[in-house]
Amino acid sequence: MKIDSNAGIARNAPADLATEDPENIAAALQFLWDAKHTTISRRKFCNGVLLTSAGVMLAASTVKAKATYQYDSMMAYPPFRIEGAEKMMPGSAIYFSYPMRYDSAILLRDACGEYRAFNRMCSHVGCSVEFDPRRSCLECPCHKGAYDMQTGLVLYGPPPRPLDQIILQMRAGGQVWAVGKSVGRSNEVLAHLRPK
Ligand code: FES
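It should be emphasised that the depicted structure is a prediction, and the values quoted were computed from it without experimental measurement.

## Observations concerning the environment of Gly84
And step 1. On the secondary structure map, Gly84 appears in the loop between β1 (74-81) and β2 (92-97).
And step 2. Sequence spacing of Gly84 and Gln175 is 91 residues, and the spatial spacing of their C-alpha atoms is 8.3 Å.

As structure tokens, then:
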């Protein structure tokens with residue numbers, strides 16, 4: 001797979017997949033979801049399914065058909081570069097605002113070096129979640145709810161549904177851009193959608 005050094009995308013992918021086209025962003029999110037819920041080993045996941053736009057591009061065409069009905073809660077917003085993301089150490093987090101200035105979000109970099117981002121608003125009554133690096137989760141200080149840092153799914157506590165996920169796009173130079181948002185669905189719905 002060749003990477004375009006200017007755009008950070010696969011050369012053999014359709015050109016429009018590199019844009020902020022909502023349909024392509026949706027395909028990217030489906031790929032992320034698939035990657036998070038398959039049974040491949042974590043090592044293989046780290047080595048082969050990096051959350052780069054290039055990986056997303058290759059997978060996008062294969063997931064398009066089956067993913068359509070999952071896209072109704074996805075929204076594209078103007079791309080926004082997350083300052084400092086490329087310098088983040090594995091196991092760290094930074095806060096930013098997206099898509100609006102008052103929408104607090106968190107960017108996480110896991111031990112594999114992969115990035116994920118979520119809106120910080122707890123789905124219970126709206127407190128802001130905080131990253132707990134010791135437990136590798138996102139905790140809500142108000143009623144002790146907790147979310148998985150990889151998926152945003154509820155681990156325990158009163159939150160009724162996952163965190164809203166920020167859709168990311170990797171660009172040249174290790175830049176990380178926010179390009180959209182996906183509303184977190186109930187854990188039950190996500191379990192139903194999981195590949196058999
Ligand atoms: S507001 Fe987050 S657990 Fe209640």
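There is more to say, and it comes next.
## Let's talk about the nonpolar core
And step 1. Ranked by size, the top nonpolar core spans 27 residues in total, and within it Leu107, Ala117 and Ile166 carry the most contacts.
And step 2. Among the secondary structure elements, those contributing two or more residues to this core are β3 (104-109), β4 (115-119), β9 (165-171) and β10 (175-182).
And step 3. Residues within four places of Leu107 in sequence aside, it is in contact with Ile82, Ala85, Ala93, Ile94, Phe96, Tyr115, Ala117 and Val176.

## A closer look at the sheet that holds β9
And step 1. In spatial order, the strands read β1-β10-β9-β4-β3-β2; together these six strands make up an open sheet with antiparallel pairing. The sheet is open, and its two borders are formed by β1 and β2, each paired with just one other strand. Looking at each pair of strands side by side, their axes are set apart by 25° on average, direction ignored.
And step 2. Summarising the sheet, β1 and β10 pair through five bridges and their orientation is antiparallel. Counted as the bridge partner of Phe80 is Ala178 from β10.

## Details of the sheet that holds strand β7 (residues 146-148)
And step 1. Taken together, the four strands give an open sheet; going across it, the order is β5-β6-β7-β8, and neighbouring strands pair in antiparallel fashion. Where the open sheet ends on each side, the last strands, each with one partner, are β5 (130-132) and β8 (154-156). With strand direction ignored, the average angle separating the axes of adjacent strands in the sheet is 40°.
And step 2. Pairing between β7 and β8: two bridges, direction antiparallel. Across the sheet, residue Tyr147 finds its bridge partner in β8, namely Val154.

## Considerations on the pairing of β9
Each regular strand carries side chains that alternate between the two faces of the sheet.
And step 1. When you tally the buried positions in β9, you get six out of seven residues, the bulk of the element.
And step 2. Note that β4 and β9 share two bridges and pair antiparallel. Within β9, the position partnered with Phe118 by the bridge is Gln165.
And step 3. Note that β9 and β10 share seven bridges and pair antiparallel. Of the residues in β10, the one forming a bridge with Met170 is Val176.
And step 4. As consecutive antiparallel partners, β9 and β10 are separated by three residues, and within that stretch Gly173 has a phi angle of approximately 80°, a positive value.

## Some remarks on the environment of Val179
And step 1. As for its position among the elements, Val179 is in strand β10.
And step 2. Sequence-wise, Val179 and Gln169 are ten residues apart; in three dimensions their C-alpha atoms are separated by 6.7 Å.

Cut-offs and rules
- Residues numbered from 1 in each chain as written.
- Predicted model: local features only at pLDDT ≥ 70, side-chain atom pairs only at ≥ 80, totals over all residues.
- Helix = DSSP H or I, 4+ residues; strand = E, 2+ residues; numbered from the N terminus.
- Core = buried A, V, L, I, M, F, W, Y, C linked by C-beta atoms within 7 Å.
- Buried ≥ 20, exposed ≤ 12 C-beta atoms within 10 Å, placed from the backbone.
- Contact = placed C-beta atoms within 7 Å.
- Pairing = 2+ DSSP bridges.
- Axes fitted to C-alpha atoms, helices over the stretch in contact; angles between N-to-C directions.

Spatial relationships are all this shows, so hold off on functional conclusions.
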